[in-house]
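# Descriptive analysis of the structure
Spelled out, the chains give:
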Amino acid sequence: AISLFATKVTIFHINDTHGHAWTFSEYKNPNIGGFAVIASIIDKERAVNPNVLFLHAGDLNTGVPESDLLNALPDIFVLNRMKLTAMAVGNHEFDKDRSVLEYQMSIAKFPFLSANIYKNGKPFFTPYIIKNVGGVKVAIFGLTTEETAILEPLYSSDLEFRNAIEVAKELVPKLRAEADVVVALTHLGMGMEHEGDYTTSEQLAQAVDGIDVIIDGHSHTKLAKAKVINNTIIVQAWEWGKILGKLELDVENGKIANWNWTPIPVKLEGNEEALYVKVPLDIFAKMGSEKLDTVIGETKILLDGERAHVRSGDTNLGHLITDAMLWKTGAEIALQNGGGIRASIKPDKITIRDILTVLPFGNTVYVLKLKGSELLKVLEYAATIPEGKGAFLHVAGLTWKSEGGKVTEVLVNGKPLDPNKIYLVATNNYMAGGGDGYSLLKENKSSGYDTGFVLADVVVEYIQKGLNGKIETYDDTPRYIRK
Ligand code: ATP
Ligand code: ZN
């Protein structure tokens, strides 16, 4: 039958919200984001058009202490109220152990979609859903970056991350047969060229026919307009709910006849806040604030955790964190990945919130015994890490040099490294699990144990007791010199 009218289907989407359920401020950019604002924008559309879908392309977890403390309960509680249709599983959904993810899935009234994550030969998550939207059948399937196995080795090692293109090639024809519109909800990231063996959403569009729309996440890409590759519309909504993507589709006779994509800036100014979202978020924030606002000390200097700095050299904050590991464990050497240091601390009173903003991952401290020769291999790997990578190494207890990617000097407490001596080495559980390519630490893991000390708590205790709550200066002499 030929229908005379097109059905208008509107898909709202966000991705990589990383705990940013609440409105927040950035430098020169006050009162941005916030799920209550997003809800009011979506509600306006729902009032005039019943055919609305709302999708999240993954990485709900990790980044705001109020959310992290409660394992993203606030975010999920309000997304339920906002009638989120579905979420893709992002790599950061594996930041904490599996029981946390299972808890999140149990309270969510929306499915966590991923068609390419397998366990024992079966899909571990719901691969897809099909929604009837005003008579239009919309299939939505999830895909998760294969990089998750490398980025999150700790809590994903029992899972198999199958190639996104191969999975989609098999699944899309089936969905096409059942639905009018096929949407891939992907946590893959944008970009055609990259290092490493993983699929991006653009490569997916190029390689697989029959996907109408890709709603993407992972690369935190700010798009001015949608991309089209191989007849597939590709969109992404930057990060932290700062943009709400709005994709309007006119579906006629089971086909997209027209479409339009708008990236809507999310800010308080000029918008309303939906109270059914704002009120519970305020309550959740209060639950956390007593703990988070606790002052643990004061710093007169900037403790530098700037992304570009901690991924290219050692900083006073990297020193403080690794020194705290030594102080707590009595190990001789401490190792910390720069990518695990997520923010600076400005000269002011220091609160628990500040520390959890620097160290949001909930890492624990791992202690292992490493032969000098093994430790040297770890440093040989670290010397090859390009600047800008999260794997960039911060150390305590040793100083070292490299030239052209080769290690030229290693001193442990001022003495040359002894290849036959066994050293006690503290690190975080992410690196001990082989994170950031430190597979050598993983191989030696059996020689050590997880102390169970949460790294952020260790740093709090070190500032309070080790430094008596006062930081006037801190060692910023480079411990690693690279030529
Ligand atoms: P996305 O949110 O899109 O996945 P991201 O913000 O995690 O991206 P990057 O900012 O490049 O991506 O950070 C990745 C780096 O973060 C890793 O290389 C690693 O250094 C660090 N990292 C990620 N997860 C952990 C973890 N659980 N513990 C410690 N460090 C981590
Ligand atoms: Zn992300």
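Quick look at the site of ligand 1 now. Near ligand 1 there are 18 residues, and of these Asn91, His92, His218, Arg307 and Asp436 occur at the shortest range. Asn91 is positioned such that a nitrogen or oxygen atom in its side chain is 2.8 Å from an oxygen atom of ligand 1. When isolated, ligand 1 has an accessible area of 630 Å², and the protein chains bury 88% of it. Each residue belonging to the shell around ligand 1 can be placed in one class, and the counts come to 2 nonpolar, 10 polar and 6 charged. Counting contributing residues, the shell around ligand 1 receives three or more from each of domain 1 (7–288) and domain 2 (294–482).

Looking at the secondary structure, you find Thr322 in helix 10 (residues 316–329). By relative accessible area, Thr322 is classed as buried at 0%. At 2.8 Å, the side chain of Thr322 and the backbone oxygen of Gly318 are in polar contact. Contact partners of Thr322, with chain neighbours within four places excluded, come to Ala334, Leu335, Gln336, His394, Val395, Ala396 and Arg479.

Ideal geometry at a metal centre: 109.5 degrees between donors when four sit tetrahedrally, and 90 or 180 degrees when six sit octahedrally. Protein coordination at the zinc ion (ligand 2): the donors are Asp16 (OD), His18 (NE2), Asp59 (OD) and His220 (NE2), at 2.0 to 2.5 Å from the metal. When the donors of the zinc ion (ligand 2) are listed by position in the chain, the intervening gaps give D-x1-H-x40-D-x160-H. With a gap of 161 residues between them, Asp59 in the loop between strand 4 (52–56) and helix 2 (65–69) and His220 in the loop between strand 13 (213–216) and strand 14 (227–229) connect regions that are remote in the sequence. A relative accessible area of 26% means that His220 is categorised as partly exposed.

Turning our attention to the packing of helix 1 (residues 35–48) against helix 8 (residues 275–292). Here helix 1 crosses helix 8 at 170°, and the two axes come no closer than 8 Å. By the angle between their directions, the pair helix 1 and helix 8 is classed as roughly antiparallel. Taken as a pair, helix 1 and helix 8 cross one another with a handedness that is right-handed. From helix 1, Phe35, Ala36, Ala39 and Asp43 reach across to helix 8, where they touch Tyr276, Val277, Lys278 and Leu281.

This part is about unusual backbone geometry. With a phi angle near 65°, Ala72 is a residue other than glycine that sits in the positive phi range. Even without glycine at this site, Asn231 takes up a positive phi of about 65°. With respect to the helices, strands and loops of the structure, Asn231 is situated in the loop between strand 14 and strand 15 (232–236). The exposure class assigned to Asn231 is exposed, which follows from its relative accessible area of 70%.

A large share of strand 10 (residues 136–144) lies buried, amounting to 8 of its 9 residues. One ladder, built from 6 bridges, connects strand 9 (residues 128–133) with strand 10; its direction is antiparallel. Considered in strand 10, the bridge of Val133 is made with Val136. What sits between strand 9 and strand 10 in their antiparallel hairpin is a turn of 2 residues, with Gly134 showing a positive phi close to 55°. Pairing of strand 10 with strand 12 (residues 181–187), which is carried by 7 bridges, proceeds in the parallel orientation. Within the sheet, the bridge partner assigned to Phe141 lies in strand 12 and is Ala184.

Under the counting rule described, the total for this entry stands at 10 aromatic pairs. Through successive ring pairs, a cluster of aromatic residues spans Phe94, Phe124, Phe125 and Phe161. For the cation-ring pair, Arg162 lies above Tyr118, with the distance from its terminal atom to the ring centre recorded as 3.6 Å. Between the NZ or CZ atom of Lys242 and the centre of the ring of Trp238, over which it lies, the distance is 4.0 Å.

What follows deals with the domain arrangement of the chain. Segmentation of the chain into domains returns domain 1 (7–288) and domain 2 (294–482). A C-alpha centroid distance of 34 Å is found between domain 1 and domain 2. Between domain 1 and domain 2 lies a buried interface of about 1000 Å² when both sides are counted; carbon and sulfur atoms form 59% of it. Summed over the three residues of domain 1 that lose the most area to domain 2, namely Pro65, Pro153 and Leu154, the buried surface amounts to 39% of that side. At the boundary of domain 1 with domain 2, the tally comes to 1 salt bridge.

Of all the residues in helix 12 (residues 372–382), the buried ones are Gly372, Leu375, Val378, Leu379 and Ala382. One face of helix 12 carries all of its buried residues, which in axial projection span an arc of 115°.

Strand order in the open sheet formed by 3 strands is 20-18-28, with mixed pairing between adjacent strands. Two strands close off the open sheet at either side, each with one partner strand: strand 20 (348–351) and strand 28 (470–471). Sheet topology places strand 18 (residues 295–299) next to strand 20; 4 bridges connect them, and they run antiparallel. When the sheet's bridge partners are listed, Glu298 is paired in strand 20 with Lys349.

What counts as what
- Counting starts from 1 at the beginning of each chain's written sequence and moves along it residue by residue.
- Both sets of labels track the order of writing: A upward for chains, 1 upward for ligands.
- A pLDDT threshold of at least 70 governs which residues receive local features in this predicted model, and a stricter bar of 80 or more applies before side-chain atom pairs are shown or counted, although totals over entire chains, interfaces and linings include all residues.
- Here the side-chain values reflect all heavy atoms present in the structure, with hydrogen atoms and water set aside.
- Any residue with a heavy atom positioned within 4 Å of a molecule or strand is treated as near that molecule or strand.
- Here a polar contact is recorded for every N or O atom pair within 3.5 Å, except that within protein the pair must consist of a potential hydrogen donor and a potential acceptor, and residues adjacent in sequence are included only if both atoms are side-chain atoms.
- Note on areas: these come from Shrake-Rupley sampling with a 1.4 Å probe, and a residue is covered only by the protein chains present in the view.
- Three categories are distinguished: nonpolar for Ala, Val, Leu, Ile, Met, Phe, Trp, Tyr, Cys and Pro, charged for Asp, Glu, Lys and Arg, and polar for the others, with Gly belonging to the last.
- Domain delimitation in this document rests on an assignment produced automatically or drawn from a domain database.
- Only DSSP runs of H or I covering at least 4 residues are called helices, and only runs of E covering at least 2 are called strands; the numbering of each starts at the N terminus.
- The classification of residues rests on relative accessible area computed with a 1.4 Å probe and restricted to protein chains. Under 20% of the type maximum is buried, over 50% is exposed, and intermediate values are partly exposed.
- Contacts were defined at the residue level, with two residues in contact if any of their heavy atoms lie within 4.5 Å.
- As a rule, N, O and S atoms within 2.8 Å of a metal are its donors, except that Na, K and Ca use 3.2 Å; water is not among the atoms, so sites may look incomplete.
- Only the stretch in contact is used when a helix axis is fitted, and all axes are lines through C-alpha atoms; the angle between N-to-C directions ranges over 0 to 180 degrees.
- Angular relationships are summarised with four words: roughly parallel below 35 degrees, roughly antiparallel beyond 145, roughly perpendicular across 65 to 115, and oblique for the angles in between.
- Each crossing gets its hand from how the near helix is turned against the far one by less than a right angle, where anticlockwise is left-handed and clockwise is right-handed.
- The criterion for strand pairing is that DSSP finds at least two bridges linking the strands in question.
- For this analysis, a ring pair means two rings from Phe, Tyr or Trp (six-membered ring only for Trp) whose centres lie within 6.5 Å, classed as stacked if their planes differ by under 30 degrees, edge-to-face if by over 60, and tilted for the remaining angles.
- Two thresholds decide whether a charge sits over a ring: the Lys NZ or Arg CZ must be within 6 Å of the ring centre and within 35 degrees of the ring normal.
- We define buried area as the total accessible area lost by two parts upon association, computed with a 1.4 Å probe and summed across both.
- The working definition used for a salt bridge is a side-chain nitrogen of Lys or Arg within 4 Å of a carboxyl oxygen of Asp or Glu.
- Here the arc refers to the directions that run from the helix axis out to each C-beta atom.

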